[in-house]
Amino acid sequence: MSPVLSVVLRILGIGALVAGGLVVALTALIGAILLGPLIFWIAWNVLDFASAVGLPELGFWGIVLATVCPVVSWFGKVLITAIVFLVDPSWFHGAAEVRWPEPTFRNFVAVTLLALLASRPHAHAHERTRRKKHRAFADH
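Residues numbered from 1 in each chain as written. Predicted model: local features only at pLDDT ≥ 70, side-chain atom pairs only at ≥ 80, totals over all residues. Heavy atoms only, no water.

**Q** Could you give me a rundown of the nonpolar core, with the residues and numbers involved?
**A** Nonpolar side chains in soluble globular proteins tend to be buried together. Judged by nonpolar contacts, Phe40, Ala43, Trp44, Leu47, Phe49, Ala50, Ala52, Val53, Ile63, Ala110 and Leu114 together constitute the single largest core of eleven residues. Contributions of two or more residues to this core are made by helix H1 (3-46), helix H2 (49-52) and helix H5 (105-118). Those residues in contact with Leu47 that lie beyond four places of it in its chain are Ile42, Arg106, Val109, Ala110 and Leu113. (Core = buried A, V, L, I, M, F, W, Y, C linked by side-chain atoms within 4.5 Å. Buried < 20%, exposed > 50% of the residue type's maximum accessible area, 1.4 Å probe, protein only. Helix = DSSP H or I, 4+ residues; strand = E, 2+ residues; numbered from the N terminus. Contact = heavy atoms within 4.5 Å.)

Okay, here's the thing in structure tokens:
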């Protein structure tokens, strides 16, 4: 085999490896972005946990914002609240009688799904970076 062809095949092989890695990473990212709201929708609307605790069902954007809220920082929560206030200020005047849900299997599954979303595994990563920064300042 000629040396030029060998180099071209190696470059194409590395390119295919990089492209495959990007496809896997994008698929995981899209899955993570779509999976959170889907789990929240199943728990809140399909398993009817909203009415079990005395709250209304949520539409598409309500589900997206409720799913994003635990993930974002304090500023993100303030921004979400501002967006809701600007789009529909009457939403803050609504009244709800929140109550403890009945101890049914359906509500147990709904609470478990919502707790799964609220567990926020990325919070541990932020804790490690804070420790590293703290150690870096302590060393100086």
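**Q** Account for the environment of Ala52, with residues named and values stated.
**A** Mapped onto the secondary structure, Ala52 falls in helix H2. Taking the relative accessible area as the measure of exposure, Ala52 reaches 18% and is therefore buried. Separated by 50 residues in sequence, Ala52 and Glu102 place their C-alpha atoms 7.0 Å apart. Setting aside anything within four residues of it in sequence, one finds Ala52 in contact with Arg99, Trp100, Pro101 and Asn107.

**Q** Please set out the packing of aromatic side chains residue by residue, giving values where relevant.
**A** Tallied over the full model, the rule gives four aromatic pairs. Where Trp44 meets Phe49, the ring centres are 6.1 Å apart and the plane angle is 65°; that geometry is what we call edge-to-face. Residue Trp44 is classed as buried on the basis of its relative accessible area, which comes to 11%. Take Phe49: its relative accessible area is 9%, and that puts it in the buried class. Relative to Trp61, the ring of Phe60 has its centre 4.9 Å away and its plane inclined at 75°; by these criteria the two rings are edge-to-face. For Phe60, a relative accessible area of 57% translates into the label exposed. Three or more aromatic residues link up through ring pairs in this structure, and these residues are Phe40, Trp44 and Phe49. (Phe/Tyr/Trp six-rings, centres within 6.5 Å; stacked < 30°, edge-to-face > 60°.)

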